[in-house]
Amino acid sequence: MKTVLITGANKGIGFETAKQLLENGYFVFIGSRNIDNGESAVKQFKKAGFVNTMAVELDVTDAVSVEKARSKIGTKTDVLDVLINNAGINGGMPQSALGAPVEAFHNVMDTNLYGVIRVTQTFMGLLEKSKEPRIVNVSSSGCSLTLHSDPNWIYYSHKAAVYTASKAAMNMYTINLAYELRDTPFKVNAVCPGFVATDFNDYRGTGTVEEGGKRIAKYAMIAQDGPTGKFFSEEYNQETGETPW
Ligand SMILES: NC(=O)c1ccc[n+]([C@@H]2O[C@H](COP(=O)([O-])OP(=O)(O)OC[C@H]3O[C@@H](n4cnc5c(N)ncnc54)[C@H](OP(=O)(O)O)[C@@H]3O)[C@@H](O)[C@H]2O)c1
């Protein structure tokens, strides 16, 4: 049975992605910074008949917490097949390039960029033991450098200096990671779930968690001849999903 760790899986897109991977026969570690919320998610899954799941306390901003999560998962498995770096915050809106305090950038980067790096580096040893390891970094087409510098792009004026900088930086980390792992079986991609109604946007998203979860789960399950080092947003590109960085 393949194993997957999803950060921030206690609710929203992470929770739904967990459900879809459980339906596809994966053992899912539910990362949650509040263990009670993680346990409550697991209870819901078990009630629905999905028993192959376990909650793991994991705050991506806290190196000790990430290390403890690694130890806990290590008691259950020697191999992690998939890591989904899903935990994310937007830092509150609006966000101005001139007005947002450096502290706001620091806080959002700590979750959306450093958190991804922390978790990825800590779990690399377990991932390397998989025959077909996958890393999905949950990103947003709304954080594309190319699109945001195109005055003709439909969302050109929808700026959010802090959040977009954090995900653009995470995208560049994804490119570097995929490059370093290019001669291995790893597939490393950045994937946008679409504009999905969750707590993240006070339920203003126009898509459902089912749609968002499906887009993320797809790249967690890609075959060995699948892409790596790419950025996908099915909302932006309905044909191939491939999106400019
Ligand atoms: N919704 C959208 O339209 C949209 C679009 C593009 C990309 N995304 C991305 O999709 C991902 C999931 O978003 P969502 O819409 O599902 O948001 P959400 O419902 O607010 O869920 C976010 C999850 O991240 C967790 N989290 C936040 N900070 C954390 C930390 N320091 N350590 C561990 N977990 C942490 C939250 O935990 P708590 O419950 O403890 O707060 C929660 O489980 C994010 O990376 C977001 O940037 C969302």
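Above this text sits the structure in question.
All values reported here derive from a predicted model rather than from experimental measurement.

Describing the overall build of the protein
In terms of helices and strands, the protein carries 7 helices and 7 strands. Mapped from its N terminus to its C terminus, the protein presents α and β elements in the order β-α-β-α-β-α-β-α-β-α-α-β-α-β. With the principal axes as the frame, the protein shows a C-alpha extent of 50 × 40 × 30 Å. Counting across all 245 residues of the protein, residues that qualify as buried make up 51%. Long-range pairs, those at least 24 residues apart, make up 70% of the contacts in the protein with a sequence separation of at least 6. Carbon together with sulfur atoms contributes 52% to the accessible area of the protein, which is approximately 11,800 Å² in total.

Structural notes on the packing of aromatic side chains
For any pair of aromatic rings, the description rests on two quantities: the centre-to-centre distance and the angle between the ring planes. Under the counting rule described, the total for this entry stands at 6 aromatic pairs. Between the aromatic rings of Tyr219 and Phe232, the centroid separation amounts to 4.4 Å while the plane-to-plane angle is 20°, which identifies the pairing as stacked. Taken together, the positions of Tyr219 in helix H7 (residues 209–220) and Phe232 in strand E7 (residues 231–233) put the pair 13 residues apart, joining distant regions of the chain. Accessibility classification places Tyr219 together with Phe232 in one group, the buried group. We note Lys159 situated over the ring of Tyr156; from NZ or CZ to the ring centre the distance is 4.1 Å. Stacked on the ring of Tyr179, the Lys or Arg Arg182 has its end atom at 3.9 Å from the ring centre.

Some thoughts on the nonpolar core
Within the largest apolar cluster, 30 residues are counted, with the highest numbers of intra-cluster contacts made by Leu5, Phe29, Leu58, Phe123 and Ile135. Contributing elements (two or more residues each) for this core: strand E2 (27–32), strand E3 (53–57), helix H3 (63–76), helix H4 (102–127) and helix H6 (161–180). In terms of residue count, the dominant contributor to this core is H4 (9 residues). Filtering out sequence-adjacent residues up to four positions away, Phe29 remains in contact with Thr3, Val4, Leu5, Ile6, Met54, Val56, Ile73, Lys76, Thr77 and Leu80. Judged by nonpolar contacts, the second largest core, of 28 residues, contains Leu21, Leu22, Tyr26 and Tyr219.

Thoughts on the packing of helix H1 (residues 12–23) against H7
Where H1 contacts H7, the two axes come as close as 8 Å, and the packing angle between them is 60°. Between H1 and H7, the crossing angle belongs to the class labelled oblique. In the crossing of H1 with H7, the sense of the turn from one axis to the other is right-handed. Residues Gly12, Ile13, Glu16, Thr17, Gln20 and Leu21 of H1 lie in contact with H7, whose contacting residues are Val209, Glu210, Gly212, Gly213, Lys214, Ile216, Ala217 and Ala220. Across the contact of H1 with H7, the residue classes break down as 6 nonpolar, 5 polar and 3 charged.

Brief notes about the packing of H4 against H6
Relative to each other, H4 and H6 sit at 20°, their axes nearing to 8 Å. When the axis of H4 is compared with that of H6, the two are roughly parallel. Where H4 crosses over H6, the handedness of that crossing is right-handed. Two secondary-structure elements touch here, H4 through Ala104, Phe105, Val108, Met109, Asn112, Leu113, Val116, Ile117, Thr120, Gln121 and Met124 and H6 through Ala161, Val162, Tyr163, Ala165, Ser166, Lys167, Ala169, Met170, Tyr173 and Leu177. Residues of the contact of H4 with H6, tallied by class, amount to 16 nonpolar, 4 polar and 1 charged.

Brief notes about the environment of Ser144
The topology assignment puts Ser144 in the loop between strand E5 (134–138) and helix H5 (145–148). Taking the C-alpha atoms as reference, Ser144 lies 8.2 Å from Thr243; in sequence the two are 99 residues apart. Those residues in contact with Ser144, other than ones at most four positions away along the chain, are Phe231, Pro244 and Trp245. Polar side-chain contacts of Ser144 include one of 2.9 Å to the backbone oxygen of Pro244.

What counts and what doesn't
Residues numbered from 1 in each chain as written. Predicted model: local features only at pLDDT ≥ 70, side-chain atom pairs only at ≥ 80, totals over all residues. Heavy atoms only, no water. Helix = DSSP H or I, 4+ residues; strand = E, 2+ residues; numbered from the N terminus. Buried < 20%, exposed > 50% of the residue type's maximum accessible area, 1.4 Å probe, protein only. Contact = heavy atoms within 4.5 Å. Areas by Shrake-Rupley, 256 points an atom, 1.4 Å probe, with all protein chains shown as cover. Phe/Tyr/Trp six-rings, centres within 6.5 Å; stacked < 30°, edge-to-face > 60°. Lys NZ or Arg CZ within 6 Å of the ring centre and 35° of its normal. Core = buried A, V, L, I, M, F, W, Y, C linked by side-chain atoms within 4.5 Å. Axes fitted to C-alpha atoms, helices over the stretch in contact; angles between N-to-C directions. Parallel < 35°, antiparallel > 145°, perpendicular 65-115°, else oblique. Left-handed = near helix turned anticlockwise from the far one by under 90°. Nonpolar A, V, L, I, M, F, W, Y, C, P; charged D, E, K, R; others polar. Polar contact = N/O pair within 3.5 Å; in protein donor to acceptor, adjacent residues only side chain to side chain.

Everything listed here is a matter of geometry and, on its own, says nothing about what the molecule does.
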